[in-house]
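Structural description and commentary
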Amino acid sequence: MKLKAGIGYDIHRLVAGRKLVLGGVAVPFTKGLLGHSDGDVVIHAVIDAMLGAMGERDIGRLFPDTDPKYKGIRSVELLKAVMARLAKKKYRVVNIDTVIVAQSPQLSPYINNMKRALTPILKVGKENVGIKAKTNEGLGPVGRGKAIAAWAIVLLKK
Ligand SMILES: [Zn+2]
């Protein structure tokens, strides 16, 4: 058995007139994340962690934002595509852990929904999906509510 760990990071600008989607869940808010897809930083960080664990390049290589095919795509669809890639290489997810850094909105009421959205795609139990939300203590662009960032670590088993 071979174990492989990967790390991922992502950040998107918060802008008016977009739906906020985090961890595959729509979160009611006055702004949303700017992006070619739905801008789901949590899923993008998880995807980059998976690609990193497999020694592959990043999400931008796999799903270029110059490709109209991915315009407005739900990031859960991108995650499903990466899971298929992972399965083809005979990998399975052992567990993932993530940190969402957002000054607002308050994300704790949505964490369980995010876990429910992600566990069937990742094919793991709820106890193997960590999602934690924190503010940036008012510091920097994330702290001023200009952006939301996410970190992820993934452990894969071959
Ligand atoms: Zn992204």
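These notes cover the structure that comes with them. Worth saying up front: this structure is predicted, and the values here are computed from it rather than measured.

Considering the overall build of the protein chain
Check the secondary structure of the protein chain and you find five helices and seven strands. In sequence order, the secondary structure elements of the protein chain are arranged as β-β-β-β-α-α-α-β-α-β-α-β. Its C-alpha radius of gyration of 15 Å places the protein chain within 12% of the 15 Å reference for a compact globule of 158 residues. Projected onto its principal axes, the C-alpha positions of the protein chain cover 45 × 35 × 25 Å. Taken across its 158 residues, the protein chain has 46% of its residues classed as buried. When contacts within the protein chain are restricted to residue pairs at least 6 apart in sequence, those whose partners lie at least 24 apart make up 72%. Side-chain charges of the protein chain comprise 27 positive and 12 negative groups, with the mean position of each set lying 3 Å from the other.

Digging into the nonpolar core
If you look at the biggest cluster of nonpolar residues, it comprises 46 residues, and the most contacted ones within it are Leu22, Met50, Leu79, Leu122 and Ile148. Sorting the residues of this core by element identifies helix H1 (41-53), helix H3 (75-88), strand S5 (92-101), helix H4 (111-122), strand S6 (129-134) and strand S7 (147-157) as the ones contributing at least two each. If one sorts the elements of this core by residue count, H1 sits on top with 10 residues. Not counting the four nearest positions on each side in its chain, Leu122 is found in contact with Met50, Leu79, Met83, Val93, Ile96 and Val129.

Points about the sheet that holds strand S1 (residues 3-16)
Taken in spatial order, the five strands of this open sheet run S4-S1-S7-S5-S6, and their pairing is mixed. Of all the strands in the sheet, just strand S4 (31-33) and S6 have a single pairing partner and so form its edges. In this sheet, adjacent strand axes meet at a mean angle of 20 degrees when their direction is disregarded. Two elements, S5 and S7, share nine bridges in a ladder whose sense is antiparallel. Bridge assignment links Val101 to a residue of S7, and that residue is Ala149.

Some details on the layout of surface pockets
One simple way to see leftover space: roll a probe sized like a water molecule over the atoms. Of the pockets and cavities examined, the largest pocket occupies roughly 270 Å³. Those elements that provide at least two residues to the lining of the largest pocket are S1, H1 and helix H2 (59-62). Here the residues of the lining of the largest pocket are counted per class, giving five nonpolar, six polar and three charged. Each pocket or cavity is described by its volume, and for the second largest pocket that value is around 160 Å³. Elements with a minimum of two residues in the lining of the second largest pocket: strand S3 (25-26) and H3. Taken together, the residues of the lining of the second largest pocket sort by class into six nonpolar, three polar and five charged.

Quick notes on the pattern of salt bridges
This model, assessed by the stated rule, comprises four salt bridges. The closest approach of N and O atoms between Glu56 and Arg85, which form a salt bridge, is 2.8 Å. Here Glu56 is found in the loop between H1 and H2, whereas its partner Arg85 is found in helix H3, with 29 residues between them in sequence. Glu56 is the salt-bridge partner of Lys89, the closest N and O atoms lying 2.7 Å from each other. One end of the pair, Lys89, is in the loop between H3 and S5; the other, Glu56, is in the loop between H1 and H2, with 33 residues separating them in the sequence. Judged by relative accessible area, which is 34%, Lys89 ranks as partly exposed. The exposure class of Glu56 is buried, given its relative accessible area of 19%. Bridged by salt links that share partners, the residues Glu56, Arg85 and Lys89 form one connected network.

The rules behind the values
Residues numbered from 1 in each chain as written. Predicted model: local features only at pLDDT ≥ 70, side-chain atom pairs only at ≥ 80, totals over all residues. Heavy atoms only, no water. Helix = DSSP H or I, 4+ residues; strand = E, 2+ residues; numbered from the N terminus. Rg over C-alpha atoms; globule rule 2.2 N^0.38 Å. Buried < 20%, exposed > 50% of the residue type's maximum accessible area, 1.4 Å probe, protein only. Contact = heavy atoms within 4.5 Å. Lys, Arg positive; Asp, Glu negative; His and termini not counted. Charge placed at Lys NZ, Arg CZ, Asp CG, Glu CD. Core = buried A, V, L, I, M, F, W, Y, C linked by side-chain atoms within 4.5 Å. Pairing = 2+ DSSP bridges. Axes fitted to C-alpha atoms, helices over the stretch in contact; angles between N-to-C directions. 1 Å grid on protein atoms, 1.4 Å probe; cavity = no way out; pocket = protein on both sides within 12 Å on 5 of 7 lines; lining within 4 Å. Points joined across faces, edges and corners; volume = space filled by probe spheres on them. Nonpolar A, V, L, I, M, F, W, Y, C, P; charged D, E, K, R; others polar. Salt bridge = Lys/Arg side-chain N within 4 Å of Asp/Glu carboxyl O.

Take it as geometry only, folks, not as evidence of what the structure does.
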